[in-house]
Amino acid sequence: MINRSNTVRAARKGGYQHSDYVRTESFELVVKEIYKKGIKGNTAELGVFRGEFAQYINAAFPDRKCYLFDTFDGFDANEALRELKSGNCTDAFVQAYKQTNLVAVMKRMRYLDNIVIKQGYFPKSLEGLEETFCFVSLDVDFEDSIYEGLKYFYPRMEQGGYIFVHDYNSDLRGVEKAVDRYEVDIGKALYRMPLCDANGTLVIIKG
Ligand SMILES: C[S@@+](CC[C@H](N)C(=O)[O-])C[C@H]1O[C@@H](n2cnc3c(N)ncnc32)[C@H](O)[C@@H]1O
């Protein structure tokens, strides 16, 4: 029997050092619930950057695939321009996320055989992927990409599965707008729980 708690904590070389204690501790409890309830499905992160959070997902689910979606080259230029014009972010913010590469991301992963890299602009990068999921992290910062993430992943979540929407209660105002827009589109309220982590993650549970 794997001690999943220790697996998550030990994911990062040198021990438990993630800057966002509340987010990673909450994730750990969510993982425990997923296994306790026997929720099936794979895992994914949309918005990986250098794999800081993705490494925890990969380490926590040794028996599930971990789909990693990112351009690995920063934001789409048009979407970034829209967000800049809306005053939701700065140019320095946009430029910062170009500084990554796949080799560095893969070095952080514990279960390499489980990693499926989906490089490119989401949702184009899906290429007809049909899967179900128990845990998904949406961390793409901007309204349209968060919305597209919800549109794809929410219907494919197993019952009782969890989506973490990063930055929901933050200066990135498009994130909250995207969740509200998606709720209006599907015509029902999502089961949601805000976290008091560093970037105001919203936890959505598939009912
Ligand atoms: C805030 S970073 C992700 C941080 C990461 N989750 C971590 O743990 O450090 C946002 C990432 O989303 C990616 N991104 C934004 N919109 C995207 C889209 N539509 N398709 C693919 N990647 C996207 C950017 O390239 C960037 O790497």
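See the structure above.
Rules used throughout
Residues numbered from 1 in each chain as written. Predicted model: local features only at pLDDT ≥ 70, side-chain atom pairs only at ≥ 80, totals over all residues. Heavy atoms only, no water. Helix = DSSP H or I, 4+ residues; strand = E, 2+ residues; numbered from the N terminus. Expected span 1.5 Å × (residues − 1). Buried < 20%, exposed > 50% of the residue type's maximum accessible area, 1.4 Å probe, protein only. Near = heavy atom within 4 Å. Polar contact = N/O pair within 3.5 Å; in protein donor to acceptor, adjacent residues only side chain to side chain. Areas by Shrake-Rupley, 256 points an atom, 1.4 Å probe, with all protein chains shown as cover. Nonpolar A, V, L, I, M, F, W, Y, C, P; charged D, E, K, R; others polar. Phe/Tyr/Trp six-rings, centres within 6.5 Å; stacked < 30°, edge-to-face > 60°. Lys NZ or Arg CZ within 6 Å of the ring centre and 35° of its normal.

**Structural notes on helix 2 (residues 21–36)**
An α-helix turns once per 3.6 residues; consequently, residues spaced three or four apart project the same way. With 16 residues, helix 2 extends 23 Å from end C-alpha to end C-alpha; this agrees with the ideal 22 Å at 1.5 Å per step. Within the sequence span of helix 2, burial applies to Arg 23, Thr 24, Glu 25, Ser 26, Phe 27, Glu 28, Val 30, Val 31, Ile 34 and Tyr 35. Taken from the residues just after helix 2, Gly 38 is the one with a positive phi, measuring 65°.

**A look at the site of the ligand**
If you check the shell around the ligand, you find 18 residues, and the closest are Gly 47, Asp 70, Phe 122, Asp 139 and Ser 145. At a separation of 2.8 Å, a nitrogen atom of the ligand approaches a polar backbone atom of Gly 47. Backbone polar atom of Phe 122 to a nitrogen atom of the ligand: 2.9 Å apart, as the coordinates give it. In the complex, 95% of the free accessible area of the ligand, which totals 600 Å², lies under the protein chains. When grouped by side-chain class, the residues that make up the shell around the ligand number eight nonpolar, five polar and five charged.

**Quick look at the packing of aromatic side chains**
Following the criterion strictly, the structure yields 27 aromatic pairs and no others. Centroid distance Tyr 67 to Phe 69: 6.5 Å. Interplanar angle 25°. Geometry classified as stacked. Tyr 67 sits in the buried class, given a relative accessible area of 4%. Take Phe 69: its relative accessible area is 0%, and that puts it in the buried class. Seen from their ring centres, Phe 133 and Tyr 152 are 6.4 Å apart, and the 70° between their planes marks the pair as edge-to-face. Of the two residues, Phe 133 is situated in strand 4 (residues 133–138) and Tyr 152 in helix 7 (residues 143–153); the sequence distance between them amounts to 19 residues. Put simply, the rings of Phe 27, Tyr 35, Phe 53, Tyr 56, Phe 61, Phe 135 and Phe 164 pair up and form one aromatic cluster. Between the NZ or CZ atom of Arg 181 and the centre of the ring of Tyr 147, over which it lies, the distance is 4.1 Å. Seen from the ring of Tyr 154, Lys 206 lies directly overhead, with NZ or CZ sitting 4.9 Å from the centre.

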